Amino acid sequence: MSTTLPDTLRPLMWIGGSAVAASSGQTFEVVEPATEEVFAVLPRASAEDAVKALEAAAAALPEWRSTPGIEKAIILHAVAAKLREHKDRLATLITREMGRPLVETLDEVEWCALIFDYYAEIGRGDVGRTVSPGQRGQLNYTVKEPYGVVVAITPWNYPLLLLTWKAAPALAAGNTVVVKPSEMSPLSSCAMAEILADVLPGGTFNVVTGFGAEVGAPLVEHPLTNLITFTGSTATGRRIAVSAAQYLKTVHLELGGSDPLIVCDDVDLDVAARAACWASFLNNGQVCTSAKRILVFESVYDEFIAKLVPLVKALRQGNGLGPDVDLGPIVSKAQRDQVEKQVERARAEGAKFLTGAARPDRKGWFYEPTLAVDCPRDGVLCTEEVFGPVRPVIKVKDLADAIAVANGTPFGLGASIFTNSLERAMRASEEIRSGTFWINDPLTDNHAAPFGGMKESGLGRELGPEGLDAFRETKHVHLNYAVEHKGYWFPYDWGTGRNKIS
Ligand code: NAD
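Residues numbered from 1 in each chain as written. Predicted model: local features only at pLDDT ≥ 70, side-chain atom pairs only at ≥ 80, totals over all residues. Heavy atoms only, no water.

Trainee: Before we move on, could you go through the overall build of the protein chain and cite the residues and values that matter?
Mentor: Tallying secondary structure elements over the protein chain gives 15 helices and 22 strands in all. Relative to its length of 502 residues, the protein chain is compact, with a C-alpha radius of gyration of 25 Å against a globular reference of 23 Å. Seen along its three principal axes, the alpha-carbon backbone of the protein chain occupies a region of about 85 × 60 × 40 Å. The 502 residues of the protein chain split such that 55% are buried. Taking all contacts inside the protein chain whose residues are at least 6 apart in sequence as the whole, residues at least 24 apart take part in 72%. In the form shown here, the protein chain has an accessible surface area of approximately 20,400 Å², with 54% of it arising from carbon and sulfur atoms. Across the protein chain, the mean location of the 49 positive side-chain charges is 4 Å away from that of the 61 negative side-chain charges. (Helix = DSSP H or I, 4+ residues; strand = E, 2+ residues; numbered from the N terminus. Rg over C-alpha atoms; globule rule 2.2 N^0.38 Å. Buried < 20%, exposed > 50% of the residue type's maximum accessible area, 1.4 Å probe, protein only. Contact = heavy atoms within 4.5 Å. Areas by Shrake-Rupley, 256 points an atom, 1.4 Å probe, with all protein chains shown as cover. Lys, Arg positive; Asp, Glu negative; His and termini not counted. Charge placed at Lys NZ, Arg CZ, Asp CG, Glu CD.)

See the structure below:
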């Protein structure tokens, strides 16, 4: 059993630009899902550490928020350059801590760099607007100001990317940040803090490691926290929203989903089957916007299944560090147990499995990619989020039926359709409630466009200009050029009409 990192990065959390241990001296283990072995031990932060991190962020705030936009932009471009310089190390850490193949995690780090470059530019270009004044001799304008100290709580499935969706716009807007990464995949976030320690001013970007109840909740509740941005499960998001509401803090929530992917009867089924296979099983189905329910027109259902099954059976599982691997392990034993339980409940409901529904005979928390049919529409696989490699293929009569099924869960994160009919595509895009709608190209994000959920999938938007505004409050400034007495002030004199405001 090894307790050291695979490179020079130190297993410590970062507060005020320095690497620190937990105040209590306690630690916790990070286990590699592909090997089930411990490969790092990190500080187990408590409420005391949460306060230290918030104080560091609050101390750094005045200087950072008043740093001119051009200087902030130069620094954020330098962040992007550093991430590219350390791409291999960061990608390796992500693969080891949460299992995704290296080809995907290299892409994740590059994407983070692109997002820092993007917000470096748009963060300095748009800071408010001028407004037509009510009277002569006046100027009205708005200024977009940072909220202050932002707490970013992230999940394990895209640890660095989802951190970046929050930290890059938050910093570009002039906030300082405290990150609480998932206890399952904290190493890449700590490594990022170390890499950026000589680029970002101390205290602007802090990372505390540990568990949600022990350090996440105190961060949410503390008075120094001005805004909470959270990505994770709907259950935790709800808990955080309730807690933040007591202090009337602003909260952004990026939560769970059960995205539908509709396959109409007018498309090339070879293309649709390949797309469905990728969109369902990318990152082992552990993507918030995975195609979690495949809805297929009944007229092409059998043909589509005949094309999809061999593609799923051909997926190659293995340690994500190795070559020729399509799918790594599930992130943790607990997560695999949860997926297995959902499969067993679906079986009890009458579902049949065309592939998988079993663990492969190897070490690591692997689970075979699984396709289910004959699932009741009110059953577990059609109504709950399944955060793992298990997907139901659901027969639908026509587009109206597909839209009804698509809308039939509490979630509204993303949705996709495959069709050559403009009319079908547009009708579905209008009638399905989802934050993103993909036509003939599922799961393709664009960091200049907004991302987020409707219904129980979230509150607010990340990415794009909307993702920057999420971290800024608007102030209206009213300026009267002259110091002069206004006729509408006291004392009132309605007889003369002098008190009219406009
Ligand atoms: P999770 O809710 O279990 O944990 C997310 C984070 O919240 C972790 O850092 C955890 O330590 C912290 N946390 C837990 N309890 C807390 C509390 N009481 N107070 C403060 N923090 C607390 O989620 P997960 O299992 O890490 O991630 C999987 C979920 O995330 C899935 O539901 C998935 O759909 C969702 N997700 C959503 C998006 C999106 O953009 N909408 C993206 C990725 C993942």
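Trainee: Kindly report on unusual backbone geometry, identifying the contributing residues and their values.
Mentor: Excluding glycine, most residues fall at negative phi; most peptide bonds, likewise, are trans. The step from Phe 490 to Pro 491 runs through a cis peptide bond, and the omega angle for that step is -5 degrees. Along the chain, the position of Pro 491 falls in the segment after strand 22 (472-480). Positive phi, close to 60 degrees, is recorded for Asn 440, a residue that is not glycine. Under the relative-accessibility criterion, Asn 440 is labelled partly exposed at 35%. Residue Lys 455 is not a glycine yet carries a positive backbone phi of 50 degrees. Under the relative-accessibility criterion, Lys 455 is labelled partly exposed at 30%.

Trainee: Go over the pattern of salt bridges with me, naming the residues and quoting the values.
Mentor: All chains considered together, the criterion is met by 34 salt bridges. A salt bridge links Glu 121 to Arg 124, with the nearest nitrogen and oxygen atoms 3.0 Å apart. In this pair, Glu 121 and Arg 124 both sit in helix 4 (residues 102-125), three residues apart, roughly one turn of the helix. Residue Glu 385 is joined to Lys 292 by a salt bridge in which the shortest nitrogen-to-oxygen separation is 3.1 Å. Of the two residues, Glu 385 is situated in the loop between helix 12 (380-383) and strand 16 (390-396) and Lys 292 in strand 13 (residues 291-297); the sequence distance between them amounts to 93 residues. One network of salt bridges, in which partners are shared, links Arg 84, Lys 87, Glu 110 and Asp 117. (Salt bridge = Lys/Arg side-chain N within 4 Å of Asp/Glu carboxyl O.)

Trainee: Describe the site of the ligand, naming the residues involved and giving the relevant values.
Mentor: Close contacts around the ligand come from 27 residues, with Lys 180, Glu 183, Ser 233, Leu 255 and Glu 385 the closest. Within the side chain of Lys 180, an N or O atom sits 2.6 Å from an oxygen atom of the ligand. Ala 217 has a polar backbone atom sitting 3.5 Å from a nitrogen atom of the ligand. A total of 860 Å² of accessible area belongs to the ligand in isolation, and the protein chains cover 89% of it. For the ligand, the cavity whose grid points lie within 2 Å of the majority of its atoms is the largest pocket. Of all the secondary structure elements, the ones that give two or more residues to the shell around the ligand are helix 7 (212-221), strand 10 (227-231) and helix 8 (234-246). In terms of domain composition, the shell around the ligand takes at least three residues from each of domain 1 (13-127 + 146-254) and domain 2 (259-439). (Near = heavy atom within 4 Å. Polar contact = N/O pair within 3.5 Å; in protein donor to acceptor, adjacent residues only side chain to side chain. 1 Å grid on protein atoms, 1.4 Å probe; cavity = no way out; pocket = protein on both sides within 12 Å on 5 of 7 lines; lining within 4 Å. Sits in = over half its atoms within 2 Å of the grid points. Domains from an automatic or database assignment.)

Trainee: How would you summarise the packing of aromatic side chains if you had to cite specific residues and measurements?
Mentor: The full count for this structure, using the stated rule, is six aromatic pairs. Pairing Trp 156 with Phe 387 gives two aromatic rings, centres 5.4 Å apart and planes at 75 degrees, and the pair type is edge-to-face. Within this pair, whereas Trp 156 is found in the loop between strand 7 (149-153) and helix 5 (159-172), its partner Phe 387 is found in the loop between helix 12 and strand 16, the two being separated by 231 residues in sequence. Summarising the burial analysis for this pair, Trp 156 and Phe 387 share the class buried. Ring geometry for Trp 165 versus Phe 451: centroids 4.9 Å apart, planes at 65 degrees, classification edge-to-face. Note that Trp 165 is positioned in helix 5 and Phe 451 in the loop between strand 19 (436-439) and strand 20 (454-455), a separation of 286 residues in sequence. As far as the burial class goes, Trp 165 and Phe 451 line up, both buried. Through a chain of ring-to-ring contacts, three or more aromatic side chains come together here, namely Trp 111, Trp 165 and Phe 451. Sitting above the plane of the Trp 64 ring, Lys 72 keeps its charged end 5.9 Å from the centroid. Above the ring of Phe 366, the side-chain terminus of Arg 362 is found at 4.6 Å from the ring centroid. (Phe/Tyr/Trp six-rings, centres within 6.5 Å; stacked < 30°, edge-to-face > 60°. Lys NZ or Arg CZ within 6 Å of the ring centre and 35° of its normal.)

Trainee: Summarise the domain arrangement of the protein chain; cite the residues concerned and give the values.
Mentor: Split by domain assignment, the protein chain resolves into domain 1 (13-127 + 146-254) and domain 2 (259-439). Computed from C-alpha coordinates alone, the two centres of domain 1 and domain 2 are separated by 31 Å. Facing the 22 residues of domain 1 at the interface are 23 residues of domain 2. Here domain 1 meets domain 2 over a buried area of about 1,800 Å², counting both sides, of which 63% is carbon and sulfur. On the domain 1 side of the contact with domain 2, Ala 34, Glu 36 and Trp 156 bury the most area, a combined 28% of that side's loss. For the pair domain 1 and domain 2, the interface holds zero salt bridges. Elements represented by at least two residues in the side of domain 1 that touches domain 2 include exactly strand 3 (27-32), helix 3 (87-98) and helix 4. (Buried area = accessible area lost by both parts, 1.4 Å probe.)

Trainee: Break down the sheet that holds strand 6 (residues 138-146) for me, with residues and values.
Mentor: By way of backbone hydrogen bonds, the strands of a sheet pair with one another, either parallel or antiparallel. With respect to topology, three strands assemble into an open sheet ordered 5-6-22, the strand pairing being antiparallel. Of all the strands in the sheet, the pair left with one neighbour each is strand 5 (130-131) and strand 22. Sheet topology places strand 5 next to strand 6; two bridges connect them, and they run antiparallel. Residue pairing for strand 6: Thr 130 is matched across the bridge by Tyr 141. (Pairing = 2+ DSSP bridges.)

Trainee: Kindly report on a nonpolar patch on the surface, identifying the contributing residues and their values.
Mentor: A surface patch of nonpolar side chains, amounting to about 290 Å² of accessible area, comprises Leu 139, Leu 479 and Tyr 481. Here Tyr 481 is to be found in the segment after strand 22. (Patch = residues over 30% accessible without salt bridge, like charges linked within 9 Å, V, L, I, M, F, W, Y side chains within 5 Å.)

Trainee: Talk me through the environment of Ala 245; I want residue IDs and the actual numbers.
Mentor: With respect to the helices and strands, Ala 245 occurs in helix 8. For Ala 245, a relative accessible area of 46% puts it in the partly exposed group. Each C-alpha atom, one on Ala 245 and one on Arg 427, is 37 Å from the other, the two residues being 182 residues apart in sequence.

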